[in-house]
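Listed below, chain by chain, are the residues.
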Amino acid sequence: MRRFLRPGHDPVRERLKRDLFQFNKTVEHGFPHQPSALGFSPFLHLMAIGTRSGAIKLYGAPGVEFMGLHEENNTVMQIHFIPDQCQLVTLLDDNSLHLWSLKQHGGASELREEHRFTLKGPPGSPPSATQITAVLPHSSREALYLGTESGSIFVLELPSFRVLEDRTITSEAVLQRVPEDYCNRRSCELVEALREHPKNPDQVLIGYSRGLIVLWDLQNSKATHHFLGSQQLENLYWQRDGSRFVSCHYDGSYCQWPVSSDNRQPEPLENLVPYGPFPCKAISKIYWQTTKNGVPYIIFQGGMPRASYGDRHSISVVHGSQQTAFDFTSRVIDFFIIFSSEPTAEFDDPSAMVVLAEEELVVIDLKSAGWPAVHPPYLASLHCSAITCSHHVSNIPLKLWERIISAGSKQNVHYSNMPWPIDGGTNIAPDPPQRDLLLTGHEDGTVRFWDASGVCLHLLYKLSTVRVFLTDADPNDNMNTMGEDEWPPLRKVGTFDPYSDDPRLGIQKIYLCKYSGYLAVAGTAGQVLVMELNDEDAEHVVDHAEADLLQDQEGYRWKGHEKLKTRDGPVRFEAGFQPFVLVQCQPPAVVTSLALHSEWKLVAFGTSHGFGLFDHQQKRLVFVKCTLHPSDQLALEGPLSRVKSLKKSLRQSFRRIRRSRVSSRKRRGAGGNTSEVQEANAKFDQDTLQEMELAPVQRKIEARSAEDSFTGFVRTLYFADTFLRDSSRHCPSLWAGTNGGTVYAFCLRVPPAERRMDEPVRAEQAKEIQLMHRAPIVGILVLDGRSTPLPEPLEVAHDLSKSPDMQGSHQLLVVSEEQFKVFTLPKVSSKLKLKLTALEGCRVRKVTVANFGSCKTDDYSENDLAVLTNLGDIQIISLPFLKLQIRYPCIRKEDVSGIASCVFTKYGQGFYLISPSEFERFSLSTKWLVEPRCVVDVPEVSSNNHVHNRSGMENAARKSRGSGRSSGDYGEDERKSGKLMEHALLNDEKVLKEIQSTLEGGR
Amino acid sequence: MSRPHRGAAGSRGLGTMEVKSKFGAEFRRFSLERSKPGKFEEFYGLLQHVHKIPNVDVLVGYTDIHGDLLPINNDDNYHKAVSTANPLLRIFIQRKEDADYSAFGTDTMTRKKNVLSNVLRPDNHKKKPHIVISMPQDFRPVSSIIDVDILPETHRRVRLYKYGTDKPLGFYIRDGSSVRVTPHGLEKVPGIFISRLVPGGLAQSTGLLAVNDEVLEVNGIEVSGKSLDQVTDMMIANSRNLIITVRPANQRNNVVRNSRTSGSSGQSTESSLPSSTPNILANFLQGEEESDEEDIIIEDSGEPQQIPKAAPTSESLESLTQIELQESTQNGFLPSSEMNLNHSARSISMEYEVQDADHKSLEEDGTIITL
């Protein structure tokens, strides 16, 4: 009722709101969660990755990205690009085929699903008869060959997905001329591989799982060659000239087979177990790449000795005497080789190997000596160590940007400088409006600096804090040091390393001052490091101080982890951010809030026990304040264990959700009968409902009291130059907000610059505000006389912000999880408030001031609060009047980790984790929108002639059709007319098919 | 009271009401306009006049329909006395100096067994010395049934005044489902239910909420479509002045309009009575009743004080709000001298919680104020 009565349906404002706010999820950064399939088009130079949740993502040149999602959310099993087309076919684990195409729409290409198809066998046949195991898109672009579990090969017409039944290759037909004894020993079983002859499109190599390989002539529908393999087959690969092919097998061997017209049943030329003689694991995929100098590249996946290296995920590259087994950090999903695809080229000349592992993408430069890795411009593994926090800094000054890049480039010397080999498509998005940095803190004590300006989230620089501390792990312990003659010649590649040496190293809070290059980083064991950017390597001692936050409170015992041990003496730091001050909180609880003021050279930090202020210029602790309530035993004993167990239980519940989702999906996939499935689902739902009724979830309704746990937990710290004591003099101040709804304000006396080192910084408590609703305080902000938030330190000095209005009266905004409240200053009296929880039942999780510009008029912009609630909604609330402007659902409310990971930018964008390895980027602003916009053109070179020819034929066909009949009624007659034409006009079956499909497309 | 009153219920629409007033051994009879009883002060003056005791300070009491002697000392209880009187309003007047305060309260006249008093007072209460009960104006409402006139009879709107009492709210809610009649027939719909009452908690002590009552609204906002956690958060956010609309699981105790069945609690309002409470909700919805929200500010480690409003949001605060404002000031936020008062107040509402007064170690370092 209140809502309707509220004034504010002002049409002018409503129009302005439309010009200011708009919600879009723009792009997913990082590495796809649970990838399951890989595809590559040498023609388009695009790579496709499918995931277990049914997503398909295409990547080309940096900035060229497409994403599609299968409705079924089933695992993508295989991806195949149609040769020389902007089309690809996906096979899902429910045995359905999907045709996707890239079409231009409004100037940019879009990925769309065109068709779906499920292969159906004759009535009464078992489901295995049509279970697809191998897919071959024929180079004619007209047919898709589908190998199945039953050994039959079905032919689908493209793009209509119509089964050409008369062209099905049955196992009986294949077995006709196979010797009796071989035949008896083994039947065909499932089709493992289908490979088209590189020179003769009418010949297709068919590999069956039991080892039989057949060269099939499509023209005459008969087998021309039989290759009687003795080992279970894994895969096949044609050599470029088509005179030989390679097969790889379950026992870790591979064979070369000759193909010639004289011997229809040849013996293998070579049969080799590369990592023998002891039993080896299967070689699941093999490439044989020819080079100009005659020494081929043999590249194969797996084949490691079963007993000693059976757990490695390896791909071996053999080139003459050079051999390396690349050892990946996670399971290899699939890989491909980029080689010369020019049909006229004589040799393959491989340039790069692209490997999709479960947790990262690794690209190896095969051209440069030593086969170094290539630094990918996208698909970064954000989770190489679990992300523990993130911090976004907008609009980085060019100077700092360049310094960070130069520090990063020194770390990346071991990467190849080969240009990124997957370069299809054209990025037509406008250049990013500004340089943005996203900093992620990780469990292993590192901070990664990402270029978050554009579509490609790119690692610029990695900072490690580990060096400051003494840890169990020896930093010199290098996994890569291997003896020269080590066998197998394993080489570790990739950065994914989820195992942290010491959980205390975890980064919890980050604060970067973009003007001064000061960085403060705080971690799990109460460590606070202040760093400075240095362009050179340096060796120096880190100043060390301890902050006893319990002060004289007695009788407390900390049962949590110990503080980190520090290294004595000078420590060598590489170029980049180098720590010069370390403050360790005592007790060493997780640092829960952090603020840095680079102008006053002060850093403030808080834990569940209290907060402190450190002067990093004089390297002196200014004060500490204990916020602990004496009865809060939980906080005393060490919250970490409990927080951890909570995290664990959360993780478990996620797992449970995921498992149930997977199982329900599996169920859907397995049973063909839909009504049965529905029934089962209904029963399942009922069961779970009953289960719920048996053990109802209860929630206690109780007002918060001061004795609740963790009321002293410091949630937010804020520096402000404002009127704290009286309205005539403003002074530096530090504000702290706790979990129990208390705000402390300290008046600071910072000596002027010329006496900065001589006089101590002083602090005195000036105010304490207890919010009666006692909700945790998540944000504190001071608005100046124009109701604009105070600028960041040094912002005014760099002429990047108007100096704050010190004439009018300042206001204090306190945001708790439940309410927004504006108070007057210096005399604190409540001015207005917005209750959120009391009215809507949601709580504030994240809040930031964001600047929104109008998309219509360049000179209009305003500051608002961007708020994320625990329900995953995003709300925009106006300043200073606290009016709700707009609300968007953004994250599922069950996605607790997504909500916890959300970070807003200063210009109305944001990021949150949709999986451990992926950030979703969203935008609330009409003006600042970073999203992929790209074009993929079909290169015309390859088959210009052919196309021309074909269109001529089509015209002929159309003409003949036009003269034949006047209207409608195509169908059987049409096909007959096609046959007629075949005799009358053409002898080329291919062209005929083309015509046919055109006619059918038109029908 | 400035607020216009709803007209008295029509069934009792006799124009006047008989008053029988007793002072010492003397009786006086007179009549009052039922619909226009006027203010307490006028009534007080009238009593002094009819008894011819113009300069004597007296205490005024009346017997309610249960036979309890209840005080009349302000407009509210005066109006209530007038409106409950049927057919006769019996007034008892005592001199202030020799007044027997303990005479007031529940069971005072008839000493009959009251179910609720058993719940509130466990058996050991007999061993305790008799507690001196202060003047009833020090009582603070603990709960009330409100808006009876606008709600369907199957629903009950309960207001719990957590503010000013140390009693925990003391109840739990759960998810559940209830059957609704819809245009498509009977339908099972999800709902929120009370799952447990904590013994000795505010919710239980009122007797107005029970296990399996379905929660329909929280402070005027419907809970349908909201998750259990959302409703939990709403209730906690409103915990200092919680108004819950429930559909009681037990529909037999429903208040029937215009009858004289009273709520079981001594504090509950008579259903059919036009009292000031119906306005509370409306009041809340206008967002003006913020008395539960006065934050505390300590300037320069000095005396804590409540944060005043920078500018009044409405031109006049309603009298009820003002009363509560006073109460909240009494409630210990202003230091020591009024602390005792607060304790005594608490001792009335729950005698067995008195002993924990010392466990509330207030003022640990002179600046932190906890209550």
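Since this is a predicted model, take the numbers as computed values, not measurements.

### Here's the deal with the overall build of chain B
- Within chain B one finds eight helices and 14 strands.
- The proportion of buried residues among the 371 residues of chain B is 47%.
- Restricting the contact set of chain B to residue pairs at least 6 apart, pairs at least 24 apart contribute 61%.

### Describing the side chain of K285 of chain A
Residues and elements named next belong to chain A.
- Position of K285 relative to the elements: it lies in strand 22 (residues 283–289).
- Since its relative accessible area comes to 16%, K285 is described here as buried.
- A distance of 2.9 Å separates the side chain of K285 from the side chain of D334, its partner in a polar contact.
- With residues up to four places along the chain from it excluded, the contact list for K285 reads N235, C248, I299, F300, Q301, D334 and F335.

### A word on unusual backbone geometry
All names here are of chain A.
- In this structure, P587 follows Q586 across a cis peptide bond, with omega equal to -5°.
- Its location among the elements puts P587 in the loop between strand 44 (576–586) and strand 45 (593–597).
- Residue L825 is joined to P826 through a cis peptide bond whose omega torsion reads 0°.
- With respect to the helices and strands, P826 occurs in the loop between strand 56 (819–824) and strand 57 (830–835).

### Comments concerning the packing of aromatic side chains
- This model, assessed by the stated rule, comprises 34 aromatic pairs over all chains.
- Between F117 of chain A and F161 of chain A, the ring centres sit 5.7 Å apart and the planes meet at 50°, which makes this aromatic pair tilted. One end of the pair, F117 of chain A, is in strand 9 (residues 108–118); the other, F161 of chain A, is in the loop between strand 12 (153–157) and strand 13 (162–163), with 44 residues separating them in the sequence. Each member of the pair, F117 of chain A as well as F161 of chain A, is classed as buried.
- Each member of the aromatic cluster is reached from another via a ring pair, and the members are F23, Y888, F904, Y912 and F922 of chain A.
- Seen from the ring of F335 of chain A, K285 of chain A lies directly overhead, with NZ or CZ sitting 5.4 Å from the centre.
- In this structure, K20 of chain B is placed above the aromatic ring of F27 of chain B, and the distance from its NZ or CZ to the ring centre is 4.9 Å.

### Comments concerning the confidence of the model for chain B
All names here are of chain B.
- Of the residues in chain B, 54% have a pLDDT of 70 or more, and the chain-wide mean is 66.
- Confidence, read as mean pLDDT per element, is least for helix 7 (residues 319–333) in chain B (34) and greatest for strand 10 (residues 214–218) (93).
- Confidence over residues 1–13 falls short of pLDDT 50; this stretch has 24 contacts with residues more than four positions distant or in other chains.
- Per-residue pLDDT stays below 50 along residues 259–292; that stretch engages in 83 contacts with residues further than four places along the chain or on separate chains.
- Among the scores for the predicted complex, ipTM is 0.75 and pTM is 0.76.

### Side note on the sheet that holds strand 8 (residues 96–105) of chain A
All names here are of chain A.
- Taken in spatial order, the four strands make up an open sheet running 6-7-8-9, and their pairing is antiparallel. Each edge of the open sheet is held by one strand with a lone partner, namely strand 6 (76–81) and strand 9. Taking the axes of each pair of neighbouring strands and ignoring which way they run, one obtains an average angle of 25° across the sheet.
- Looking at chain direction, strand 7 (residues 87–92) and strand 8 are connected through five bridges and run antiparallel. Pairing of Q87 across the sheet is with S101, part of strand 8.

### Quick notes on helix 6 (residues 398–411) of chain A
All names here are of chain A.
- Given a rise of 1.5 Å per residue, 14 residues ought to cover 20 Å, and the 20 Å separating the end C-alpha atoms of helix 6 matches this to within 8%.
- Along helix 6, the residues classified as buried are L400, W401, I404, A407, G408 and Q411. Considered in projection along helix 6, the buried side chains sweep an arc of 130° and stay on one side of the axis.
- Elements that come into contact with the buried residues of helix 6 comprise strand 32 (437–442), strand 33 (446–451), strand 34 (458–464), strand 39 (527–534) and strand 44.

### Topic: the UniProt feature "repeat: WD" (unreviewed entry) in chain A
Residue and element names in this part refer to chain A.
- UniProt records the feature "repeat: WD" (unreviewed entry) at residues 69–103 and 433–451, using the numbering of this structure.
- Across residues 69–103, helical content stands at 0% and strand content at 60%; the span's end C-alpha atoms are separated by 16 Å.
- Across residues 433–451, helical content stands at 0% and strand content at 63%; the span's end C-alpha atoms are separated by 13 Å.

### Some words on the UniProt feature "domain: PB1" (unreviewed entry) in chain B
- Within this structure's numbering, the places UniProt gives as "domain: PB1" (unreviewed entry) are residues 16–96 of chain B.
- Taken end to end, residues 16–96 of chain B is 27% helix and 42% strand, and its two terminal C-alpha atoms sit 29 Å from one another.

### Regarding the domain arrangement of chain B
- Each domain of chain B was delimited in the assignment, giving domain 1 (16–98) and domain 2 (143–253).
- In this structure, domain 1 of chain B and domain 2 of chain B have C-alpha centres spaced 37 Å apart.

### Brief notes about the environment of C890 of chain A
All names here are of chain A.
- Here C890 is to be found in the loop between strand 61 (884–889) and helix 11 (896–901).
- Through-space distance from the C-alpha of C890 to that of Y182 is 61 Å; in sequence the pair is 708 residues apart.
- Look past the residues within four positions of C890 in its chain and what remains in contact with it is F23, K25, G872, D873, I874, Y912 and F922.

### Looking at the nonpolar core
Residues and elements named next belong to chain A.
- In terms of nonpolar packing, the biggest core is built from 56 residues, with M47, I299 and M353 touching the most fellow members.
- Broken down by element, this core gets its largest block of residues, six residues, from strand 26 (residues 332–338).
- Here M353 is in contact with I299, I315, V317, F326, F335, F336, I337, V362, V363, I364 and L366, once residues within four sequence places are set aside.
- Residues A745, I780, F823 and V849 belong to the second largest nonpolar core, which totals 39 residues.

### Overview of the UniProt feature "domain: Lethal giant larvae homologue" (unreviewed entry) in chain A
- The positions UniProt marks with the feature "domain: Lethal giant larvae homologue" (unreviewed entry) are residues 273–372 of chain A.
- Measuring from the first to the last C-alpha atom of residues 273–372 of chain A gives 26 Å, for a span that is 4% helix and 45% strand.

### Looking at the pattern of salt bridges
Residues and elements named next belong to chain A.
- Under the definition given, this model contains 43 salt bridges over all chains.
- For E918, the salt bridge is made with K57, and the minimal N-O distance between the two is 2.9 Å. Taken together, the positions of E918 in strand 64 (residues 918–925) and K57 in strand 4 (residues 55–59) put the pair 861 residues apart, joining distant regions of the chain. Taken individually, E918 and K57 each receive the classification buried, so the pair is uniform in this respect.

### Quick word on the side chain of R174 of chain B
- The residue R174 of chain B is located in strand 8 (residues 171–182) in this model.
- Polar side-chain contacts of R174 of chain B include one of 2.7 Å to the side chain of N212 of chain B.

### Some thoughts on the pairing of strand 18 (residues 233–238) of chain A
All names here are of chain A.
- The element strand 18 is largely enclosed, with a buried count of six among its six residues.
- Pairing geometry for strand 18 and strand 19 (residues 244–249), over five bridges, is antiparallel. Its bridge partner being in strand 19, L233 is matched across the sheet by H249.
- The turn linking strand 18 back onto strand 19 is made up of five residues, and G242 within it adopts a positive phi angle of 80°.

### Some points on helix 2 (residues 75–84) of chain B
- The buried fraction of helix 2 of chain B amounts to eight of the ten residues, a majority that puts the element mostly inside the structure.
- On the buried face of helix 2 of chain B, the contacting elements are strand 1 (16–23), strand 2 (26–33), helix 1 (40–51), strand 3 (58–63), strand 4 (69–72) and strand 5 (88–95) of chain B.

### Concerning the confidence of the model for chain A
- Averaged over every residue, the pLDDT of chain A is 84; residues scoring 70 or more account for 84%.
- Here residues 639–648 of chain A is a poorly scored stretch, pLDDT under 50, and it has nine contacts once near neighbours within four places are set aside; other chains count.

Each value, and the rule that gives it
- Residues numbered from 1 in each chain as written.
- Chains lettered and ligands numbered in written order.
- Predicted model: local features only at pLDDT ≥ 70, side-chain atom pairs only at ≥ 80, totals over all residues.
- Heavy atoms only, no water.
- Helix = DSSP H or I, 4+ residues; strand = E, 2+ residues; numbered from the N terminus.
- Buried < 20%, exposed > 50% of the residue type's maximum accessible area, 1.4 Å probe, protein only.
- Contact = heavy atoms within 4.5 Å.
- Polar contact = N/O pair within 3.5 Å; in protein donor to acceptor, adjacent residues only side chain to side chain.
- Phe/Tyr/Trp six-rings, centres within 6.5 Å; stacked < 30°, edge-to-face > 60°.
- Lys NZ or Arg CZ within 6 Å of the ring centre and 35° of its normal.
- pLDDT = per-residue confidence, 0-100.
- Pairing = 2+ DSSP bridges.
- Axes fitted to C-alpha atoms, helices over the stretch in contact; angles between N-to-C directions.
- Expected span 1.5 Å × (residues − 1).
- Arc of directions from axis to C-beta.
- UniProt positions renumbered as here; feature names shortened; annotations may be inferred.
- Domains from an automatic or database assignment.
- Core = buried A, V, L, I, M, F, W, Y, C linked by side-chain atoms within 4.5 Å.
- Salt bridge = Lys/Arg side-chain N within 4 Å of Asp/Glu carboxyl O.

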